Amino acid sequence: MTTSTRGAAKTPAVLVLEDGRIFRGRAYGAVGETFGEAVFSTGMTGYQETLTDPSYDRQIVVATAPQIGNTGWNDEDDESGRIWVSGYVVRDPARVPSNWRAKRSLDDELERQGVVGISGIDTRALTRHLRERGSMRAGVFSGEAIAAEPELLARVQAQPHMKGASLYEEVATKEAYVVPAVGEKRFTVAAVDLGIKGMTPHRMAERGIEVHVLPATATAEDIYAVGPDGVFFSNGPGDPATADGPVALMTAVLERRTPLFGICFGNQILGRALGFGTYKLKYGHRGINQPVQDRTTGKVEVTAHNHGFAVDAPLDRVSDTEFGRAEVSHVCLNDDVVEGLQLLDQPAFSVQYHPEAAAGPHDAAYLFDRFVSLMEGQRA
């Protein structure tokens, strides 16, 4: 529930964590109340792309960078049609945005879309708390929504957990649409939308790919009706253990040996289709400065992440699966979390992070070229 009011910066606000830790600050954006899983993102910039990423559905995002909002809000950098985060937590919001592309302030956009936030709290202390205790349910309350602390804590603890949450259908497109190739059309790709970011089909279109974006409820018949040279499974929110439908759909694609590429949630879906399990990370990877090694080349990339779940696959050996041999292709250098998978006997691979570079960096853009190479090889 939110109520938009001007002068929110002077309105008291409180952040309540499910373990009883409380932070007090000022309202930022809309005034009211909101609930979600409290997570932290380490990007120093790119907040517009973060806030509009559907993978952040039902999450209260804590910005670890102390100053947020300096570049305002523009009309070009949204990754979807709306802000998806449940709430936003910042330390020192910009008083006046300064960027030639800005159309309004971040505060104004949060208020316009009814997103409840809080500013003026010690986000470093909050981040350290989440690192030690793990991501957890939380609530932000401001204005008339503030009540006695025991009551607020009880309301937070009554909220559902992220583990076991099935969210991808609620963020995905309801109708199929086409992103045309830029320049000469070379390939057709069917992209299953589980929470896709707008830049992803654009990166494929730049490579001469006509992208048919399909709803999360698409069937194998829907995929092959577009005559695809390749199939893509997108990023998305929630627990991959609930995604039985997408796993069955990817299994059907693997059985036909169609070139396949998955990102983030798509990586977890591939892991499940290959027989691996998934698990919830303590506090996840979120931000645009995460180090990953491509084990096929030895190259280290700085990458963009947004995931709270991971694939449980062995790092030290090749695995035998229903679809041939599989191996871990990428690994996070911070904690050895699986960041990519590839099949060795048919054209299929995935990564856990975001190579579309929205917002940055561009180190992993080659993965779209790798997908093109798979389709070229299949066609040959």
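Everything quoted here is computed from the prediction, not taken from an experiment.

Draft legend 1. Inspection of the pairing of strand β9 (residues 116–119) at higher detail. Neither face of β9 is left uncovered, since the one carrying Val 116 and Ile 118 and the one carrying Gly 117 and Ser 119 both have all their residues buried. Summarising the sheet, strand β3 (residues 22–29) and β9 pair through 4 bridges and their orientation is antiparallel. Residue Gly 29 lies in a different strand from β9, and its bridge partner there is Val 116. Direction of pairing for strand β7 (residues 87–89) relative to β9: parallel, over a ladder of 3 bridges. The partner of Val 89 across the bridge, within β9, is Ile 118.

Draft legend 2. Region of the structure containing the packing of aromatic side chains. Applying the stated criterion across every chain, the model contains 7 aromatic pairs. Arranged with centres 4.5 Å apart and planes meeting at 15°, the rings of Phe 261 and Phe 349 form a pair that is stacked. Of this pair, Phe 261 sits in strand β15 (residues 260–263) while Phe 349 sits in strand β21 (residues 348–351), placing them 88 residues apart in sequence. Pair check on accessibility: Phe 261 and Phe 349 agree, each one buried. Measuring from ring centre to ring centre gives 5.8 Å for Phe 261 and Phe 368, while their planes differ by 80°; the resulting arrangement is edge-to-face.

Draft legend 3. Looking closely at the UniProt feature "active site" (unreviewed entry) in the protein. When the UniProt feature table is mapped to this numbering, "active site" (unreviewed entry) covers Cys 264, His 354 and Glu 356. The greatest C-alpha distance among the residues just named is 11.5 Å, despite their covering 93 residues of sequence, which places them together in space. By secondary structure assignment, the location of Cys 264 is in the loop between β15 and α9 (265–273). With residues near it in sequence (within four places) discarded, Cys 264 still touches Asn 235, Asn 306, His 307, Val 351, Gln 352, Tyr 353 and His 354. With respect to the helices and strands, His 354 occurs in the loop between β21 and α10 (366–379). The exposure class assigned to His 354 is buried, which follows from its relative accessible area of 3%. Apart from residues lying up to four places away in sequence, His 354 is in contact with Asp 53, Lys 197, Asn 235, Ile 263, Cys 264, Ala 304, His 305 and Asn 306.

Draft legend 4. Region of interest: the UniProt feature "binding site: L-glutamine" (unreviewed entry) in the protein. UniProt marks Ser 55, Gly 236, Gly 238, Phe 265, Gln 268, Asn 306, Gly 308 and Phe 309 with the feature "binding site: L-glutamine" (unreviewed entry), using the numbering shown here. Spanning 255 residues, the named residues form one tight spatial group whose C-alpha atoms are at most 13.3 Å apart. Position of Phe 265 among the secondary structure elements: in helix α9. The exposure class of Phe 265 is buried, given its relative accessible area of 0%. Looking at Gln 268, the relative accessible area reads 2%, which means it is buried. Ignoring anything within four residues of it in the chain, the contact list for Gln 268 reads Pro 240, Thr 278, His 307, Phe 309, Ala 310, Val 311 and Gln 352.

Rules used in this analysis
Numbering of residues starts from 1 in each chain and follows the order in which that chain's sequence is written. Given that this is a predicted model, residues contribute local features only at a pLDDT of at least 70 and side-chain atom pairs are listed and counted only at 80 or more, while totals for whole chains, interfaces and linings are drawn from all residues. With hydrogens and water set aside, each side-chain value is computed from the structure's full complement of heavy atoms. Classification of residues uses two cut-offs on accessible area relative to the type maximum, computed with a 1.4 Å probe and protein chains only: under 20% is buried, over 50% is exposed, and between them is partly exposed. Secondary structure follows DSSP: runs of H or I at least 4 residues long count as helices, runs of E at least 2 residues long count as strands, and numbering of each begins at the N terminus. A pair of strands is treated as paired once DSSP finds two or more bridges between them. Note on aromatic pairs: the rings of Phe, Tyr and Trp (six-membered ring only in Trp) are paired at centre separations within 6.5 Å, and the planes decide the class, stacked below 30 degrees, edge-to-face beyond 60, tilted for the rest. UniProt positions are given in the numbering used here, feature names are shortened, and annotations may be inferred rather than shown by experiment. The contact definition used throughout considers only heavy atoms, calling two residues in contact when any of these lie within 4.5 Å.

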